[in-house]
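Chain residues, written in single-letter form:
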Amino acid sequence: MRFVDEYRDPDLARRLADAVLARASRRWTVMEVCGGQTHAILASGLDALVRERVELLHGPGCPVCVTPLETLDRAQALVERPDVTLCSFGDMLRVPGSHGDLFGARARGGDVRVVYSPLDAARLAAREPARRVVFLAVGFETTAPAVAAAARWARKQGLANFQLLVSHVRVPPALEAIASAPDRRVDAFLAAGHVCTVMGTQEYEPIAARHRMPIVATGFEPADILQGLLQAVDQLERGAAEVEIQYRRAVRPEGNPAARALLEEVFEVADRPWRGIGTLPGGGLRLRGSYAAFDAERVFPEVTGAGAAESPDCRADAVLRGILRPPECPEFGRACTPDHPLGAPMVSAEGACAAYFAYRAPEPEEDPP
Amino acid sequence: MSHAYDPERLASPSCPLPAGSDRVTLSHGAGAGASARLFDELLWPRLGSELLGARHDGAVLPVDRGRLAFTTDTFVVSPLFFPGGDIGRLAVHGTLNDLAMCGARPLALSCGLVLEEGLPLATLERIADSLGQAARAAGVPFATGDTKVVERGKGDGLFVNTAGIGAVPDGRDLRPARVQPGDAILVSGSLGCHGAAVLSVREDLGFESEIVSDTENLTGLVEDLLEAVPGAHCLRDPTRGGVGAALHEIAAVAGLEIGLDEAAVPVDEPVAAACELLGLDPLFLACEGRALVFVAESEATRALAALRAHPLGRGAVRLGQVAAGSARVVMQTRMGTRRLLPLPAGEPLPRIC
């Protein structure tokens with residue numbers, strides 16, 4: 001497949017991995033931010049190629065995982081209304097709230113549908129005016145423009161029966177929280193290439209400067225990730241702390257101006273709770289006042305989510321901040337598995353704990369001293 | 001219940017449909033009247049056989065000495081028609097392939113239809129055509145059958161159950177427990193075509209592609225293979241859950257480690273592209289015309305040649321090897337690293353990002 005296979009070339013990957021090993025004078029700790037990168041790293045075993053000189057930590061970049069229980073419970077409560085059709089992306093429907101997942105709600109008679117695009121949900125609302133269609137809008141800055149486009153389309157059509165239950169989150173506040181942790185383990189970040197495709201890299205400059213950390217906007221294929229690592233390690237060795245772009249075929253420093261304008265029109269930055277981390281200042285997006293008629297929280301104020309307390313044994317906070325590696329958690333693989341997750345990072349396949357669990361190396365993993 | 005029937009009349013393609021409606025109604029399932037007409041005029045001409053023509057409560061078949069294989073499968077695919085096939089063709093091939101994986105030569109099929117009230121009779125005709133064509137092409141008769149109608153909203157248009165029996169020649173034993181350490185693992189062609197073809201026509205995904213389902217009857221391929229390699233250890237058709245799920249099952253039953261070579265996994269480019277787009281893994285998409293083959297290493301070359309000599313096995317490749325160890329599937333990645341192949345939690349669903 002063109003534009004994909006080139007970046008999966010094993011020889012190229014090996015050369016890059018060897019270059020990382022050669023460049024590093026000591027062992028560095030680098031966090032890849034995005035769940036898609038985590039998936040690629042573990043699926044190809046890239047962590048094993050560089051383990052001698054780089055410890056890779058999986059970041060909080062799984063939007064499914066960090067969606068608060070309270071939002072999931074609110075979605076459940078909405079589904080119980082006979083007039084509501086709840087739509088979301090497939091993997092969102094599997095995430096357990098306080099009382100089971102949304103597929104369970106469907107089995108109990110709720111109208112829950114998988115869509116591939118928020119625009120499909122808006123079109124459904126136009127097609128079925130008797131239904132109240134609610135789209136559970138989850139994701140980072142990558143997914144948010146499509147949701148904004150759906151909201152704008154719905155407003156243009158004058159749709160009164162289309163609402164968004166918004167739980168969009170922003171990457172930079174999460175990096176700030178990780179970078180400023182007093183017991184920080186992370187030396188450098190591989191920023192999420194697709195988020196940067198939309199937002200550009202300017203937001204990361206102050207974080208890199210304030211915390212003296214290299215940040216490399218990196219793609220998702222093996223060669224991308226290894227090249228991003230090489231750039232990060234090179235900076236660390238030089239004592240530099242710059243924002244760099246590895247994923248040049250998609251990312252511009254200014255991002256995608258059209259998508260950013262759309263986000264600006266529909267959303268505003270707001271404090272948001274992240275499951276497993278807590279409320280991050282500026283950690284998410286909410287609909288602007290001019291889009292209040294499309295905000296499920298404002299249109300159905302009586303429908304709230306209980307948001308049961310998380311298990312006290314879950315160390316998600318430490319895992320998502322890169323302080324604790326999932327296998328170091330006493331519950332990992334014991335009381336906490338993908339079938340019975342105790343908390344956020346184990347619930348979706350791209351969560352840090354679930355990814356570690358699924359792709360764990362067949363031999364006992366041994367870190368060099 | 002007995003009906004007079006006249007094969008000459010009923011075999012005529014111009015026979016009229018039940019009068020009064022062009023859709024399935026509850027009276028089509030009532031057991032008389034419209035129900036009998038549905039059978040006589042729509043189903044019999046397409047699915048009829050000597051055994052079915054006896055109009056007995058069941059089929060009576062002669063049995064040779066030896067062993068029988070017996071299997072059943074229920075088909076609920078949505079949509080009913082997809083590139084490369086439909087639920088009828090799939091229902092015949094699915095059961096024939098389950099028999100083939102047992103090393104059996106098929107003798108007879110059954111067909112149970114659950115129709116939803118309101119199903120267009122034209123749709124039923126097309127599917128009955130397809131069931132009949134697939135069975136005739138295989139030379140296997142429908143020996144018995146049943147039709148029920150459920151109220152509108154209580155079915156998804158049409159469900160099909162087929163069962164099949166076949167004779168297993170002496171000496172053939174292809175159960176997963178026979179897989180041995182050192183066995184070579186072969187697959188008869190590229191992966192995921194059926195799963196991707198069905199996804200491509202789901203209206204909620206709406207991507208355009210030229211992917212065609214691989215639904216085929218593997219009886220002939222398996223006969224050729226077993227002629228060349230009578231001592232093959234195990235066969236499996238990787239339907240729901242794909243090759244990934246099939247390998248996990250076999251690893252668990254045999255209590256052995258299955259080693260998979262990522263670089264060898266055959267995936268057609270359009271399927272690979274669709275999987276990239278949707279965030280799916282072709283290893284876990286259904287195949288409906290592929291066989292996984294476990295043979296002793298010393299017979300691997302001969303088995304591969306036998307598969308490739310058959311029109312349905314031209315794309316056969318070696319996927320990996322079985323090793324002693326604990327029951328798990330280990331992938332040798334393209335990058336040269338080793339990792340466990342995880343079993344997905346449920347149905348493959350497109351990811352958020």
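Quantities reported herein were computed from a predicted structural model and do not represent experimental measurements.

Caption draft 1: Region of interest: the overall build of chain B. Helices and strands together make up the secondary structure of chain B, namely 10 helices and 13 strands. The globule rule puts the C-alpha radius of gyration for 353 residues at 20 Å, and the 22 Å found for chain B is close to it. If you line up chain B on its principal axes, its C-alpha atoms span 65 × 55 × 30 Å. Counting every position in chain B, which comprises 353 residues, the buried fraction comes to 53%. For chain B, the accessible area works out to roughly 15,300 Å², and carbon and sulfur atoms hold 52% of it. Placing the 30 positive and 43 negative side-chain charges of chain B at their respective mean positions leaves the two points 4 Å apart.

Caption draft 2: Representation of helix α8 (residues 242-254) of chain B within the structure. Residues and elements named next belong to chain B. Compared with the 18 Å implied by 1.5 Å per residue over 13 residues, the 18 Å span of α8 between its first and last C-alpha is a close match. Burial in α8 covers these residues: G242, V243, G244, A245, A246, L247, H248, I250 and A251. Residues of α8 that are buried in the fold lie against β7 (184-187), β8 (234-236), β9 (257-261), β10 (292-295), β11 (317-323) and β12 (328-332). G255 sits one or two residues past α8 and shows a positive phi near 65 degrees.

Caption draft 3: Representation of the domain arrangement of chain A. Residue and element names in this part refer to chain A. If you check the domain split of chain A, you get domain 1 (5-55 + 175-236), domain 2 (65-170 + 255-299) and domain 3 (316-358). Here domain 1 and domain 3 have C-alpha centroids that lie 21 Å from each other. Across the boundary between the two partners, domain 1 contributes 13 residues, which contact 10 residues of domain 3. The contact between domain 1 and domain 3 buries some 880 Å² in all, and 56% of this surface belongs to carbon and sulfur atoms. For the pair domain 1 and domain 3, the number of links is two salt bridges. Residue R185 pairs with E328 through a salt bridge whose shortest N-O separation is 3.2 Å. At the surface where domain 1 touches domain 3, the tally comes to three residue pairs in polar contact (both at pLDDT 80 or more). A per-element tally of the side of domain 1 that touches domain 3 places helix α2 (residues 35-44) first, with five residues. Class assignment of the residues belonging to the side of domain 1 that touches domain 3 gives a composition of six nonpolar, four polar and three charged.

Caption draft 4: Expanded view of the packing of aromatic side chains. Residues and elements named next belong to chain A. Evaluated as defined, the whole model comprises six aromatic pairs over all chains. Note on F89 and F135: the rings are 5.4 Å apart at their centroids and 85 degrees apart in plane angle, and the pair reads as edge-to-face. Placement of the pair is F89 in the loop between β3 (84-88) and α6 (102-107) and F135 in strand β5 (residues 132-139), with a sequence separation of 46 residues. Assessed through its relative accessible area of 5%, F89 is described here as buried. Using a relative accessible area of 0% as the deciding quantity, one classes F135 as buried. Its guanidinium or amino end placed over the ring of W28, R26 lies 3.8 Å from that ring's centre, counting from NZ or CZ. A cation over an aromatic ring shows up here: R249 above the ring of Y7, its NZ or CZ 3.5 Å from the ring centre.

Caption draft 5: Region of the structure containing a nonpolar patch on the surface. Together, B:V63, B:L68 and B:L107 make up an exposed nonpolar region whose accessible area comes to about 290 Å². As for its placement among the helices and strands, B:L107 is situated in strand β4 (residues 105-116).

Caption draft 6: Molecular detail of the pattern of salt bridges. Residues and elements named next belong to chain A. Applying the stated rule across the entire model yields 43 salt bridges over all chains. The residue R321 makes a salt bridge to D317 at a minimum N-O spacing of 2.7 Å. You can call D317 partly exposed: its relative accessible area is 35%. Connected through salt bridges with shared partners, the residues E55, R185, R325 and E328 form a single ionic network.

About the cut-offs
- Residues numbered from 1 in each chain as written.
- Chains lettered and ligands numbered in written order.
- Predicted model: local features only at pLDDT ≥ 70, side-chain atom pairs only at ≥ 80, totals over all residues.
- Heavy atoms only, no water.
- Helix = DSSP H or I, 4+ residues; strand = E, 2+ residues; numbered from the N terminus.
- Rg over C-alpha atoms; globule rule 2.2 N^0.38 Å.
- Buried < 20%, exposed > 50% of the residue type's maximum accessible area, 1.4 Å probe, protein only.
- Areas by Shrake-Rupley, 256 points an atom, 1.4 Å probe, with all protein chains shown as cover.
- Lys, Arg positive; Asp, Glu negative; His and termini not counted.
- Charge placed at Lys NZ, Arg CZ, Asp CG, Glu CD.
- Expected span 1.5 Å × (residues − 1).
- Contact = heavy atoms within 4.5 Å.
- Domains from an automatic or database assignment.
- Buried area = accessible area lost by both parts, 1.4 Å probe.
- Salt bridge = Lys/Arg side-chain N within 4 Å of Asp/Glu carboxyl O.
- Polar contact = N/O pair within 3.5 Å; in protein donor to acceptor, adjacent residues only side chain to side chain.
- Nonpolar A, V, L, I, M, F, W, Y, C, P; charged D, E, K, R; others polar.
- Phe/Tyr/Trp six-rings, centres within 6.5 Å; stacked < 30°, edge-to-face > 60°.
- Lys NZ or Arg CZ within 6 Å of the ring centre and 35° of its normal.
- Patch = residues over 30% accessible without salt bridge, like charges linked within 9 Å, V, L, I, M, F, W, Y side chains within 5 Å.

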